[in-house]
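# Residue-level structure breakdown
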Amino acid sequence: QVQLVESGGGLVQPGGSLRLSCAASGSIFRSYTMNWYRQVPGKQRELVAAITSGGSTNYADSVKGRFTISRDNAKSTMYLQMSSLQPEDTAVYYCNALRTTMSNKYNYWGQGTQVTVSS
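In this text the structure is predicted, and so the values were computed from the model without any measurement.

## Focus on the overall build of the chain
- When helices and strands are counted, the chain shows zero helices and 11 strands.
- The secondary structure elements of the chain, listed N-terminal to C-terminal, are β-β-β-β-β-β-β-β-β-β-β.
- By the compact-globule yardstick of 14 Å for 119 residues, the chain fits well, its C-alpha radius of gyration being 14 Å.
- Principal-axis analysis of the C-alpha atoms places the extent of the chain at approximately 45 × 30 × 25 Å.
- In the chain, the share of contacts with a sequence separation of at least 24, taken over all contacts with a separation of at least 6, comes to 55%.
- Of the accessible surface of the chain, which amounts to about 6400 Å², a share of 47% is contributed by carbon and sulfur atoms.

## A short note on the pairing of strand E5 (residues 46-51)
- Bridge analysis of strand E4 (residues 33-39) against E5 gives five bridges, and the strand direction is antiparallel. Directly across from Asn35, in E5, lies its bridge partner Ala50.
- Between E4 and E5, which pair antiparallel one after the other, the connecting turn spans six residues, and Gly42 there sits at a positive phi close to 85°.
- Connecting the antiparallel pair E5 and strand E6 (residues 57-59) is a turn made up of five residues, with Gly55 showing a positive phi of about 95°.

## Remarks on the side chain of Glu6
- Relative to the elements of secondary structure, Glu6 occurs in strand E1 (residues 3-7).
- For Glu6, the side chain forms a polar contact with the main-chain nitrogen of Cys95, separated by 2.7 Å.
- A distance of 2.9 Å separates a polar atom in the side chain of Glu6 from the backbone nitrogen of Gly112.
- Not counting residues within four places of it along the chain, the set of residues in contact with Glu6 comprises Ser21, Cys22, Trp36, Tyr93, Tyr94, Cys95, Gly110, Gln111, Gly112 and Thr113.

## Some words on unusual backbone geometry
- Non-glycine residue Ser76 carries a positive phi angle of around 50°.
- Relative to the assigned elements, Ser76 resides in the loop between strand E7 (67-72) and strand E8 (77-82).
- Phi angles above zero are rare outside glycine, and Ser84 is one such case at about 50°.
- Along the chain, the position of Ser84 falls in the loop between E8 and strand E9 (91-100).
- With a relative accessible area of 36%, Ser84 lands in the partly exposed category.

So, how was this worked out
Residues numbered from 1 in each chain as written. Predicted model: local features only at pLDDT ≥ 70, side-chain atom pairs only at ≥ 80, totals over all residues. Heavy atoms only, no water. Helix = DSSP H or I, 4+ residues; strand = E, 2+ residues; numbered from the N terminus. Rg over C-alpha atoms; globule rule 2.2 N^0.38 Å. Contact = heavy atoms within 4.5 Å. Areas by Shrake-Rupley, 256 points an atom, 1.4 Å probe, with all protein chains shown as cover. Pairing = 2+ DSSP bridges. Polar contact = N/O pair within 3.5 Å; in protein donor to acceptor, adjacent residues only side chain to side chain. Buried < 20%, exposed > 50% of the residue type's maximum accessible area, 1.4 Å probe, protein only.

Okay, here's the thing in structure tokens:
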């Protein structure tokens, strides 16, 4: 079992920056692929960025060059550094932990943190 708690959301002006954090507890954090998703009301949740247990990263085209995902296994924490934020980045951002074995799939979600980009 993994518990995930996001923090760091808030209101920021266009062009500004925020750093989201996702603190994990309860299981072996380092063995999970960690993901950031975001969701706008009325739309599907979309994958923003991912980081594997080995540290490989992947980004949605819409955030490449502006967002950076990272993880600190010693602190069981994942981060999303967001810069050059635009109004279209406004969403609830969710932390996700994913691990797949031969016999099981483990998939956990945080409660979400609101990011609002507005002047």
